[in-house]
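A closer look at the structure
Each chain, written out:
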Amino acid sequence: MMMAKCNKSHVVIPLLLIHILCFLLFPQTLQSQGNAFSRQPSGKFIHTPQQRSDSDPEQVHISLVGEDHIRVSWITEDKHTESVVEYGTKKGEYSTKAKGEHTSYYYFLYKSGKIHHVVIGPLQPNTTYFYRCGGSGPEFSFKTPPSKLPIEFVVVGDLGQTEWTESTLKHIDSKDYDVFLLPGDLSYADTQQPLWDSFGRFVEPYASRRPWMVTEGNHEIETIPIIHPHAFKAYNARWPMPYKESGSTSNLYYSFEVASTHIIMLGSYTDFDEHSHQYKWLQSDLAKINRKRTPWVTALLHAPWYNTNEAHQGEGESMRQAMEELLYKARVDLVFAGHVHAYERFTRIYDNKEDSCGPLFVTIGDGGNREGLALTFKKPTSPLSLYQEPSFGHGRLRIVNETHAHWSWQRNNDNNAFVADGVWIESLSSTKACWESLGRHEEL
């Protein structure tokens, strides 16, 4: 992989030497997993250089915070730039100004720019806002999600920054949507911190216009035994999510609500057993859900609990054993995962059996990562697996009303996204028999 261009504060040669040393001493940490299974050749990496002044914002992206607020995040090389956002509903006219906070971090000899986070609002639903970051630079705009159904989510994991990623994002951008959901593996920086900067610039045209809600994958861990034991340093600094608002104590797992939908973002790479903070938080979060207010409940995580691809077999099994019953008893509608670089849709499942009251499971780790696709599925095909394809693409979940939603998977196909798989889904909140079997008539 090529090394991205560093700014003047970065000492490139010593940093590269450190990476080489770490690779030799701890190859299992830096190398990609899954060399034993079939992959196609890697796609060409796209480096996105810095092209603005040091005081101008770059790597701009937005995320949801609470019912009617949005967090605007960006980076400047100028340490004196203020953490302020001016915004309004008319182009070039900013009627409101909000101040926020900033941070930065070191990773060996790399020092990040000034990372700004500003929460703005309250905002009106389904409204376009124009905004400027730090008092200078270009104007950006975003559209807030609707407060009522219908709503459309884009779902795609294992994104990276390759020609395949570029194709996926262009296909996504060809049709409007409200919120972007990413179940882990963002930049594929893998300890090379300038690649986080390149990724931020690469996705800015998309992530600055619609909320991106993410959870972590294995490529966000970035630990090196003894030398750098602290995980998720870059991820937590650059991509804070609304974990505090949902009662979580960690940016690695949280939940949020938008337009009659409760979305749970789980952490595959932090503790999840029954004694863990994440497990207890999930219990509490599920208990608070009001299915009359949010008839749809969806969960996202990185390592899939069900998987018939030869890649990453069993890597989500311990988490499934720990947490699946919680999701099942809460009648979660869908569970999306990444990690496996292919698309696969299952039927509704609980405990390795078809169950009409269990979640519908989908693997969507086909965003465009540099490692290529996981080409081989196990034979014979499991009756639980209804659609399999090792192609790059993205998914769309359109929740139409309180009882019905449509899921589609769209393959990257030349100039147009091709809808290769689709299914109508009925919310479990409207399925009387599933609640009666739990003895919980009050949910209906």
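How each quantity is defined
Residues numbered from 1 in each chain as written. Predicted model: local features only at pLDDT ≥ 70, side-chain atom pairs only at ≥ 80, totals over all residues. Heavy atoms only, no water. Helix = DSSP H or I, 4+ residues; strand = E, 2+ residues; numbered from the N terminus. Buried < 20%, exposed > 50% of the residue type's maximum accessible area, 1.4 Å probe, protein only. Contact = heavy atoms within 4.5 Å. Areas by Shrake-Rupley, 256 points an atom, 1.4 Å probe, with all protein chains shown as cover. Pairing = 2+ DSSP bridges. Axes fitted to C-alpha atoms, helices over the stretch in contact; angles between N-to-C directions. Core = buried A, V, L, I, M, F, W, Y, C linked by side-chain atoms within 4.5 Å. Disulfide = S-S within 2.5 Å. Salt bridge = Lys/Arg side-chain N within 4 Å of Asp/Glu carboxyl O. Expected span 1.5 Å × (residues − 1). Bend = angle between axes of the 7 residues up to and from the residue.

1. So, the overall build of the chain
Within the chain, the secondary structure is distributed over eight helices and 24 strands. A buried classification covers 59% of the 444 residues belonging to the chain. For the chain, long-range pairs separated by at least 24 residues make up 70% of all intrachain contacts whose partners lie at least 6 apart in sequence. Approximately 17,900 Å² of the chain is accessible, and the part contributed by carbon and sulfur atoms is 50%.

2. Looking at the sheet that holds strand 8 (residues 114-120)
Pairing within the open sheet is antiparallel, and its four strands lie in the order 1-2-8-5. Two strands close off the open sheet at either side, each with one partner strand: strand 1 (58-65) and strand 5 (101-103). Sheet twist, expressed as the mean angle between neighbouring strand axes with direction ignored, is 20°. With three bridges joining them, strand 5 and strand 8 adopt antiparallel strand pairing. Bridged to T103 within strand 8 is I115. The sheet strands contacting helix 4 (residues 194-207) are strand 1 and strand 2 (69-76), and the helix crosses strand 1 at an angle near 60°.

3. Quick word on the nonpolar core
Counting residues in hydrophobic clusters, the biggest one holds 106 residues, and the most contacted among them are V72, I120, Y131, F153, F180 and W212. When near neighbours in sequence (up to four residues on either side) are disregarded, W212 contacts I62, S63, L159, L169, Y177, F180, L182, V203, Y206, A207, W239 and M241. Formed by five residues, the second largest nonpolar core is a distinct cluster that contains A311, V340, A342 and F377.

4. Looking at the environment of A231
Relative to the helices and strands, A231 is located in the loop between strand 13 (212-215) and helix 5 (233-238). C-alpha of A231 to C-alpha of Y269: the two residues are 38 residues apart in sequence and 9.6 Å apart in space. Aside from chain neighbours lying at most four places away, what touches A231 is I221 and T223.

5. A word on the state of the cysteines
Simply put, disulfide is the name for a covalent bond between the sulfur atoms of two cysteines. This structure, assessed with the given rule, holds one disulfide. With a sulfur-sulfur separation of 2.1 Å, C357 is cross-linked through a disulfide to C434. Handedness here is read from the sign of the S-S torsion; for C357 and C434, about -90°, the answer is left-handed. Remark: C434 occurs in helix 8 (residues 432-436) and C357 occurs in the loop between strand 19 (353-354) and strand 20 (360-364); sequence separation between them is 77 residues.

6. With respect to the pattern of salt bridges
Summed over the entire model, instances satisfying the criterion amount to 20 salt bridges. A salt bridge links R291 to D333; the nearest nitrogen and oxygen atoms lie 3.1 Å apart. Taken together, the residues span a long stretch of sequence, with R291 in the loop between helix 6 (277-288) and strand 16 (296-300) and D333 in the loop between helix 7 (317-329) and strand 17 (334-337) at a distance of 42 residues. Of the residues examined, R291 reaches a relative accessible area of 5% and is grouped as buried. R320 is paired through a salt bridge with E324; the nearest N and O atoms lie 2.5 Å apart.

7. Considerations on helix 4
Helix length check: helix 4 (14 residues) gives 19 Å between terminal C-alpha atoms against 20 Å at 1.5 Å per residue, within 8%. The largest bend in helix 4 amounts to roughly 30° and is located at R201, with the proline P205 lying one to four residues further along. The element helix 4 is extensively covered by neighbouring structure, given that 13 of its 14 residues are classed as buried.

8. Details of helix 7
Between its first and last C-alpha atoms helix 7 spans 18 Å; for 13 residues at 1.5 Å apiece the expected length is 18 Å, and the two agree. Of all the bends in helix 7, the greatest, near 50°, is centred on M323. Among the residues of helix 7, M319, R320, M323, E324, L326, L327 and Y328 are the ones counted as buried. For helix 7, the secondary structure elements touched by its buried residues are helix 6, strand 16, strand 17, strand 18 (343-350) and strand 20. Positive backbone phi, approximately 55°, marks R331, located one or two places after helix 7.

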